[in-house]
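A structural walkthrough
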Amino acid sequence: RAQKTRGWAMAQYLVAHADRLEIDTVIFDARIWTARRAGQGWRDYEPNTSGRSRAVAAILEHRDHVHVDVAD
């Protein structure tokens, strides 16, 4: 539970500072935020995990880490 709280704190910080940090995408805990659709806020993130183990699915859903894409 504490790790999830820390992950959300980091994800929210990154979104709050996305312009300054030139962030395009943040994914965490099967939710996604993108700069181009910022007005929609956080949305469900559902990658194709069919045929994958539970552990791999968790990685693809970014449930155990914060994923960040920055602008080129």
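Structural notes, computed from the coordinates. Computed from a prediction, not measured in an experiment: that's the story for all the values here.

Moving on: the overall build of the protein. Summing up its helical and strand segments, the protein has three helices and four strands in all. The order of α-helices and β-strands along the protein, N terminus first, is α-α-β-β-β-α-β. Taken against the 2.2 N^0.38 rule, which gives 11 Å for 72 residues, the C-alpha radius of gyration of the protein at 12 Å falls within 12% of a compact globule. With the C-alpha coordinates aligned to their principal axes, the bounding extent of the protein is approximately 35 × 25 × 20 Å. When each of the 72 residues of the protein is scored for burial, the buried share is 28%. Within the structure as shown, the protein displays about 5,100 Å² of accessible surface, and the carbon and sulfur contribution to it stands at 49%. On the protein, the mean spot of the 11 positive side-chain charges and the mean spot of the 10 negative ones are 7 Å from each other.

So, about helix α1 (residues 2–16). Between its first and last C-alpha, α1 extends 21 Å over 15 residues, near the 21 Å set by a 1.5 Å rise per residue. The complete set of buried residues in α1 reads Gly7, Ala11, Leu14 and Val15. Down the axis of α1, the smallest arc covering the buried residues is 100°, so these residues share one side. Turned more than 90 degrees off the buried face of α1, the exposed positions are Arg6 and Ala16. Contacts made by the buried residues of α1 are with α2 (18–21), β1 (23–28), β2 (31–34) and β4 (67–70).

Among the secondary structure elements, Glu61 is positioned in the loop between α3 (54–60) and β4. Note on Glu61: relative accessible area 16%, which makes it buried.

Under the definition given, this model contains four salt bridges. A salt bridge links Asp29 to Arg63; the nearest nitrogen and oxygen atoms lie 3.3 Å apart. Of this pair, Asp29 sits in the loop between β1 and β2 while Arg63 is found in the loop between α3 and β4, placing the two residues 34 residues apart along the sequence. For the salt bridge of Glu61 with Arg63, the shortest nitrogen-to-oxygen distance reads 2.6 Å. Under the relative-accessibility criterion, Arg63 is labelled partly exposed at 38%. When salt bridges with common partners are traced through the structure, they connect Lys4, Asp29, Glu61 and Arg63 into a single cluster.

Here is what the cut-offs are and how they apply
Residues numbered from 1 in each chain as written. Predicted model: local features only at pLDDT ≥ 70, side-chain atom pairs only at ≥ 80, totals over all residues. Heavy atoms only, no water. Helix = DSSP H or I, 4+ residues; strand = E, 2+ residues; numbered from the N terminus. Rg over C-alpha atoms; globule rule 2.2 N^0.38 Å. Buried < 20%, exposed > 50% of the residue type's maximum accessible area, 1.4 Å probe, protein only. Areas by Shrake-Rupley, 256 points an atom, 1.4 Å probe, with all protein chains shown as cover. Lys, Arg positive; Asp, Glu negative; His and termini not counted. Charge placed at Lys NZ, Arg CZ, Asp CG, Glu CD. Expected span 1.5 Å × (residues − 1). Arc of directions from axis to C-beta. Contact = heavy atoms within 4.5 Å. Salt bridge = Lys/Arg side-chain N within 4 Å of Asp/Glu carboxyl O.

Don't take any of this as a statement about function, it's just geometry.
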